[in-house]
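# Breakdown of the fold
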Amino acid sequence: MHEFRTHTCGQLRKSDVGQTVRISGWINSVRDHGGVIFIDLRDHYGKTQVVIDPTKEFYRELERWRVETVVCFTGTVVARTPETVNPKLATGEIELVAEAMTVLGETEQVPFQVAKDEDVPESLRLKYRFLDLRRDDLHKKIVMRSRLIEELRRKMWSLGFTEYQTPILTSSSPEGARDYLVPSRVHPGKFYALPQAPQQFKQLLMVAGFDRYFQIAPCFRDEDARADRSPGEFYQLDIEMSYATQEDIFAILENLLTEIFPKFTTKKINAAPFPRIPYRESMDRFGSDKPDLRNPLEMIDVTEIFRNSGFQAFTKNVANGGVVKAIKVSGIAAGSNSQPRRFYDEMIKFAQESGAKGMAYIIWANGETRSPIVKFMTGNEIPELEAKAGIQDGDVLFFLADQKALVNSVGGKVITELGRRLNLINQDEFKFCWIVDFPMFETDEETGSLIFSHNPFSMPQGGMKAIMEKNPLDILAYQYDIVCNGIELSSGAIRNHQPELMYKMFEMCGYTREIVDEKFGGMINAFKLGAPPHGGIAPGVDRMAMLLADAPNIREVIAFPFNQQAEDLMMNAPAPVDMKQLRELRVIPVPQELKYEETFKKLLAEAEKVRAAEAAAAAMTAAPAQDTEAGK
RNA sequence: GGGGGCGUAGCUCAACUGGUUAGAGUGCCACCCUGUCACGGUGGAUGUUGCGGGUUCGAGUCCCGUCGCUCUCGCCA
């Protein structure tokens, strides 16, 4: 018989009754009835009830029958009597009557319960992540993530893509997020950078003729955390295609997402093609470039209605170049949905806290309008609003008036808040959309000069002709985002593969040819030697897993995540290193801030030890003293 | 770097307006129980109330500072 197990804890069924078997796992729970003891033994595959007669010799081998001890039981599979069958357990029709036991791994008191569904502070869960991962909920999420990656790979291969690895140690990219740097031992004072994304490599693979590339790619960015953004590292399904148009890439992603998502969720998914929403339209309607389309609310521009109104607050704003926008909420002023006065006060307060000077509203109820502002309206504002917004009895319009950027920003937040408060968001669906037509350039608010608004390597719509003839601020890029339920899954672009066009665009943003060659030489030189048109996208694997697992934050679908401060509390990373390593890498720490003082003292002590050891070694071999840089 | 929230037993939480020996559940320890399945019962141990200072006759509670966690703005080509 196998030393540890003949079956897993999720395997035994009625058909195994009568067999002598061996199973191993963690003690999930102990139910001691004096004359008989029940143990639920748990492993990756499931749970099996083990029955123990406490008069048996082996019972005394284990001093404490603590949960989370790892034990091995040998015994006979017995059918449970009908009234003792446990329908909640896959193995619930049988139990193992134990005849022998071996303790494989003892445990101290666990810092939190594995088998019970209790809240545990996340810092503790992260410190004991291996315990947390034993818990059913998290365990299943991590398995689901693994299966998701398997399905993504399978689908990409079936679509004709091939997976290639790209370097982890590479050079610092000149734009974008902060890099993680790795000092070079061979080249003192020089650094590798961990890739923020394999962007340039995947483009070079296209130049190299591989045609359709994908990779489950690790990416590293030294940026601060959010609920949907893990600091440090994350994975993306990195995709690049040669001879592809924007629509070709959309078709691939739509095919992939509509096929893969249903394998992991019962939620409804909107059918392809997903809506394509131009960036500026998205900002105007939803106040965001990642709208949650489950929320039916959007902004309606009513500026013209108030250009010549008697309501001075709005009219003056319009005269000053501002806009007036309305958000229609249907049916909240009639019947059982009717909102109390307090609701309007709270929403106004919310708008003010979000940056608005105020927020007005008009209620249509019982054939008349109620509003603090209607009395100021002298013309046809009310019927015009009714026509423009399609008002019915019971509807409410909220108004924001200010400069456009502020109205969009506050309006976006108000839409989200209204959706949340009024339960307008259907939790049982995924709504995807594409945000397209991002502007290629924008004006830097501080300097007033032209800058790339997103990615300098995207292809401008209209190509060189547009660059030469159009107002740069009117030029759009073949740059797009895919958004699901208000979460940005990925950006992507058709790349600019024409060196002369790239030089010209950088020149417009104040970069000379020499600077472009210096910063982006690797890629631009490749483009000079025959580059196919290409483009791609890179949806975040962690974010897809988070959506599918219905997880409140991204750490729930990562086996060993950093905390918000980019620390691994279990492995104690980052950590000080010893002086010997620092010396070898020619990295000498400088205590610029008080909080480094302790680290520095430690390092000095280390250095002293190294020096003493070297001195001793030198004395032994009578060799002359080596370099004495330590401790500088 | 800025703003909000939180910090009391191993864990989850309570403790009025500042007032007795800081409680409960769970876990832990001991004992009882032959059909439970998050078993049940009886008893017990466990606290620098994150840390430091202050106000007060008296501080878990109020004030100041500090540390940690979390959400968020900046940031994320």
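Residues numbered from 1 in each chain as written. Chains lettered and ligands numbered in written order. Predicted model: local features only at pLDDT ≥ 70, side-chain atom pairs only at ≥ 80, totals over all residues. Heavy atoms only, no water.

Close to RNA strand B lie 46 residues; Asp-32, Thr-84, Pro-121, Glu-223 and His-454 are nearest. A share of 57% of the atoms of RNA strand B within 4 Å of the protein falls on sugar and phosphate groups. Gln-49 is positioned with one of its side-chain polar atoms (N or O) 2.7 Å from a base oxygen of RNA strand B. Glu-223 has a polar side-chain atom sitting 2.5 Å from a sugar or linking oxygen of RNA strand B. (Near = heavy atom within 4 Å. Polar contact = N/O pair within 3.5 Å; in protein donor to acceptor, adjacent residues only side chain to side chain.)

Taken together, eight strands build an open sheet; the order of strands is β6-β9-β10-β24-β23-β22-β19-β12 and the sheet is mixed. For this open sheet the edge positions go to β6 (162–163) and β12 (276–278), each flanked by a neighbour on one side alone. Across 10 bridges, strand β9 (residues 212–221) lies against strand β10 (residues 232–242) in antiparallel orientation. Each bridged residue has a counterpart across the sheet, and for Phe-214 the counterpart in β10 is Ile-239. (Pairing = 2+ DSSP bridges. Helix = DSSP H or I, 4+ residues; strand = E, 2+ residues; numbered from the N terminus.)

Moving on, we get to the pattern of salt bridges. One pass over the structure, following the stated rule, counts 41 salt bridges. With a shortest N-O distance of 3.3 Å, Lys-267 and Asp-550 are connected by a salt bridge. Of this pair, Lys-267 sits in the loop between α5 (246–264) and β11 (268–269) while Asp-550 sits in the loop between α14 (541–549) and α15 (579–585); the two residues are 283 residues apart in sequence, bridging distant segments of the chain. Taking relative accessible area as the criterion, Asp-550 reaches 54% and is therefore assigned exposed. The salt bridge partner of Glu-304 is Arg-307, with a shortest N-O separation of 2.9 Å. On the basis of relative accessibility, which here comes to 54%, the residue Glu-304 falls in the exposed class. What makes Arg-307 partly exposed here is its relative accessible area of 37%. Salt bridges here are not isolated pairs; linked through shared partners, they connect Arg-125, Arg-129, Asp-132, Arg-135, Asp-137, Lys-141 and Glu-556. (Salt bridge = Lys/Arg side-chain N within 4 Å of Asp/Glu carboxyl O. Buried < 20%, exposed > 50% of the residue type's maximum accessible area, 1.4 Å probe, protein only.)

Moving on to the domain arrangement of chain A. Reports often express the size of an interface as the amount of accessible area lost when the parts come together. Entries for chain A in the domain assignment read domain 1 (14–105), domain 2 (122–267 + 488–494 + 532–583), domain 3 (297–425), domain 4 (440–475 + 498–525) and domain 5 (590–622). A straight line from the C-alpha centre of domain 3 to that of domain 4 covers 40 Å. (Domains from an automatic or database assignment.)

Right, let's talk about the confidence of the model for chain A for a bit. Within chain A, residue pLDDT values average 88, and 94% of them lie at 70 or more. Overall, residues 590–595 carries pLDDT values under 50, and its contacts beyond four positions in sequence, including any with other chains, amount to three contacts. Low pLDDT (under 50) marks residues 622–632, which in the prediction has 11 contacts with non-local residues, meaning those over four places away or in another chain. Both scores are available for the predicted complex, with the pTM at 0.87 and the ipTM at 0.83. (pLDDT = per-residue confidence, 0-100. Contact = heavy atoms within 4.5 Å.)

In this section: the packing of aromatic side chains. The final tally for this structure, using the stated rule, is 29 aromatic pairs. Grouping aromatic residues by their ring pairs yields a cluster made of Phe-441, Phe-452, Phe-457, Phe-506, Tyr-511 and Phe-520. Directly above the ring of Tyr-503 sits Arg-513, whose terminal nitrogen or CZ lies 3.9 Å from the centroid. (Phe/Tyr/Trp six-rings, centres within 6.5 Å; stacked < 30°, edge-to-face > 60°. Lys NZ or Arg CZ within 6 Å of the ring centre and 35° of its normal.)

If you walk across this open sheet you meet the five strands as β13-β14-β17-β15-β16, and the pairing is antiparallel. Sheet topology places β13 (299–301) and β16 (368–370) at the edges, where each strand pairs with a single neighbour. Strand-to-strand twist in this sheet, taken as the mean axis angle between neighbours without regard to direction, amounts to 30°. Pairing between strand β15 (residues 360–365) and β16: three bridges, direction antiparallel. Residue pairing in the sheet places Trp-364 in a bridge with Thr-369 of β16. Across the sheet, helix α9 (residues 381–389) touches β13, β14 (323–329), β15, β16 and β17 (396–402), and the angle it forms with β15 is around 80°. Across the sheet, helix α10 (residues 404–421) touches β13, β14 and β17, and the angle it forms with β14 is around 10°. (Axes fitted to C-alpha atoms, helices over the stretch in contact; angles between N-to-C directions.)

Moving on to the pairing of β9. Each regular strand shows side chains that alternate between the opposite faces of the sheet. The buried fraction of β9 amounts to eight of the 10 residues, a majority that puts the element mostly inside the structure. Pairing analysis gives two bridges linking β6 to β9, with the strands arranged parallel. Residue pairing in the sheet places Glu-163 in a bridge with Phe-214 of β9.

In a regular helix each residue adds 1.5 Å, so 19 residues correspond to 27 Å; α5 covers 27 Å between its end C-alpha atoms and thus fits that length. Residues Gln-246, Ile-249, Phe-250, Ile-252, Leu-253, Glu-254, Leu-256, Leu-257, Ile-260, Phe-261 and Phe-264 constitute the buried set of α5. (Expected span 1.5 Å × (residues − 1).)

Quick look at the environment of Lys-140 now. Residue position: Lys-140 is located in helix α3 (residues 136–158). Taking the relative accessible area as the measure of exposure, Lys-140 reaches 53% and is therefore exposed. A C-alpha to C-alpha distance of 42 Å links Lys-140 and Pro-533, two positions 393 residues apart in sequence.

Okay, the environment of Asp-117 next. Secondary-structure assignment places Asp-117 in the loop between β5 (94–105) and α1 (122–127). The class for Asp-117 is exposed, based on a relative accessible area of 82%. Sequence separation between Asp-117 and Arg-135 is 18 residues; the distance between their C-alpha atoms is 8.7 Å.

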